[in-house]
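A closer look at the structure
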Amino acid sequence: MNRIECLDGLRGLAALWVLIGHCLILTGYSLPILGKPDLGVDLFILLSGFLMTFQFQLRKDREDWVRPATWAAFWTRRFFRISPLYFVLLAAALLAGKAIYADRVLIDSFLGQPLQAPERYTDASASNVLLHVTYLFGILPEYAFRTPLPDWSLGLEMQFYAVFPFAVLLAGRLGWIGTALCVSILAVSIALLTGALGAAYPMPSFLPLKMHLFAAGMLIAAALERNAGACLVVAAALVAIPVGGKTDLLHLVVREGIFLGFFALVHWRAIPWIDRLSRLLGAPPFHWLGELSYGVYLVHLLILHRVAAWTIEGWAQDIPAAARFALTFAITAPIAYGLAYATYRLVERPGQSLGRAVIARFGRRKLARQVRAEEYAAP
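The written sequence of each chain sets the order in which its residues are numbered from 1. The model is predicted, so local features are restricted to residues of pLDDT at least 70 and side-chain atom pairs to those at 80 or more, both for listing and for counting; the totals for chains, interfaces and linings are taken over all residues. Values reported for side chains reflect all heavy atoms of the structure, with hydrogen atoms and water molecules removed beforehand.

Observations regarding the layout of surface pockets
The method works on a 1 Å grid over the protein atoms by themselves. A cavity is a set of points holding a 1.4 Å probe that cannot get out, a pocket is an open set with protein on both sides within 12 Å along at least five of seven lines, and residues with an atom within 4 Å of a point line them. Grid points are joined across faces, edges and corners, and a volume is the space filled by probe spheres set on the points. Estimates place the volume of the largest pocket at around 1200 Å³. What lines the largest pocket is a set of 39 residues, and nearest its centre among them are Arg 11, Leu 51, Gln 55, Arg 78 and Arg 81. Looking at the lining of the largest pocket, the elements that each hand over two or more residues are helix H1 (6-27), helix H2 (37-59), helix H3 (68-95), helix H7 (152-196), helix H12 (284-291), helix H13 (293-313) and helix H14 (321-377). Sort the elements by how many residues they give to the lining of the largest pocket and H2 lands first, with 11 residues. Put simply, DSSP marks the helices as runs of H or I at least four residues long and the strands as runs of E at least two long, and each gets a number from the N terminus on. A total of five residues in the lining of the second largest pocket trace back to one element, the largest contributor, which is H7. Within the lining of the second largest pocket, the residues separate by chemical class into 20 nonpolar, eight polar and seven charged. Gly is placed with the polar residues, together with every amino acid not listed as nonpolar (Ala, Val, Leu, Ile, Met, Phe, Trp, Tyr, Cys and Pro) or charged (Asp, Glu, Lys and Arg).

What follows is the structure, encoded as structure tokens:
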């Protein structure tokens, strides 16, 4: 099975969840569950763990993961998947930081919320830029949440990519269940230790805080090959670990429900209504929601702050919060998806093509070196 249909829809819905959640927060309206966009990010994390393992399973017969060259190709693919659009929007966010901060001050003052620290939006220093373009910012608490973008999760994602080849090697010895348990226990231990030492992350941007969720996603993919029942039990236990981000009972219960729903869509398609839902999530509208999900996730806050501030500045400040949310969402969503489509065509796709070209060129050079070495060694 080379394609899991529901993945497109799940990615798209996760990004939409984050967009709706931030619209709710910045307009002062409240809805249960939808008003918690961090849960949408948790779905992204499960999807990432699943996809990296699933793609490994598809390629393992033609890629030797013992060779560092395979790791380099993997890291190159992931870098060119994430970085082109991120770097473009990072530059835009830093240039517009002061204006976005002014909008946020207006919003928070209107809603009676504590003001954000100015450097959260306006720090265009060389150190902040360097840490973000190298993806090291997520490791340092003071830099983990220091641009107008929701990019804390990108630093987290890059940390996961950095360790994934080592997880593959470990899985060759311990199996995927043993590997998921080992890396999760190690990660939770590190997270607790850093917390005890006083490291306070404003967002869970440090991999040990979320590794157990990546590991649960890895087990959803591992269950496609064997031990589906055991993978389900262990992964469900990992998702329930109260570490990383918000760990109140509602978050833990909803997070568990997200995991079980994802597992069901992949593994329980013998049940007719689950099969129909899985196919629906792979239909063209959901496919495009998924294709545009990364762009929407990255760009939406750049638009949302201005729109939410505008509703407060104008006549809409006197309307009920529910109407202000509906108006803000109705304006923000089309612009965000339109920009996501444009950047998908102009930045994301060309960036991925460039990454494939880099990998191909590296592979040709390596093959040429091998041929020259063989010719030199020939009698």
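Section: helix H10 (residues 249-267)
For H10, built from 19 residues, the straight-helix expectation of 27 Å at 1.5 Å per residue is met to within 8% by its first-to-last C-alpha distance of 27 Å. Burial classification: accessible surface area is computed with a 1.4 Å probe over protein chains only, and a residue below 20% of its type maximum counts as buried, one above 50% as exposed, and the rest as partly exposed. For H10, every residue scored as buried is listed here: His 251, Leu 252, Val 254, Arg 255, Glu 256, Ile 258, Phe 259, Phe 262, Phe 263, Ala 264, Leu 265 and Val 266. Here, residues are in contact when the closest pair of their heavy atoms is within 4.5 Å. Summarising the contacts, the buried residues of H10 are in contact with H1, H2, helix H8 (211-222), helix H9 (228-239) and helix H11 (272-280). Polar contact is the term for a pair of N or O atoms within 3.5 Å; when the atoms are in protein, one must be able to donate a hydrogen and the other to accept it, and sequence-neighboring residues count only if both atoms are side-chain atoms. The opening residue of H10, the one whose side-chain oxygen lies 3.2 Å from the backbone nitrogen of Leu 250, is Asp 248. By this rule the span expected of a helix is its residue count minus one, scaled by 1.5 Å.

Topic: the environment of Ile 241
In this structure, Ile 241 sits in the loop between H9 and H10. Separated by 53 residues in sequence, Ile 241 and Val 188 have C-alpha atoms that sit 8.7 Å apart. Discounting residues that sit within four places of it in the chain, Ile 241 has contacts with Val 188, His 212 and Leu 252.

Considerations on empty space enclosed by the protein
Summed over all chains, the structure comprises one cavity of 30 Å³ or more. Looking at the largest cavity, its volume works out to about 40 Å³. Lining the largest cavity, in full, are Met 52, Gln 55, Phe 56, Arg 59, Glu 63, Trp 65, Phe 74, Arg 77 and Arg 78. Contributions of two or more residues to the lining of the largest cavity are made by H2 and H3. Looking at the lining of the largest cavity, the element that brings in the most residues is H2, giving four residues. A class-by-class count of the residues in the lining of the largest cavity yields four nonpolar, one polar and four charged.

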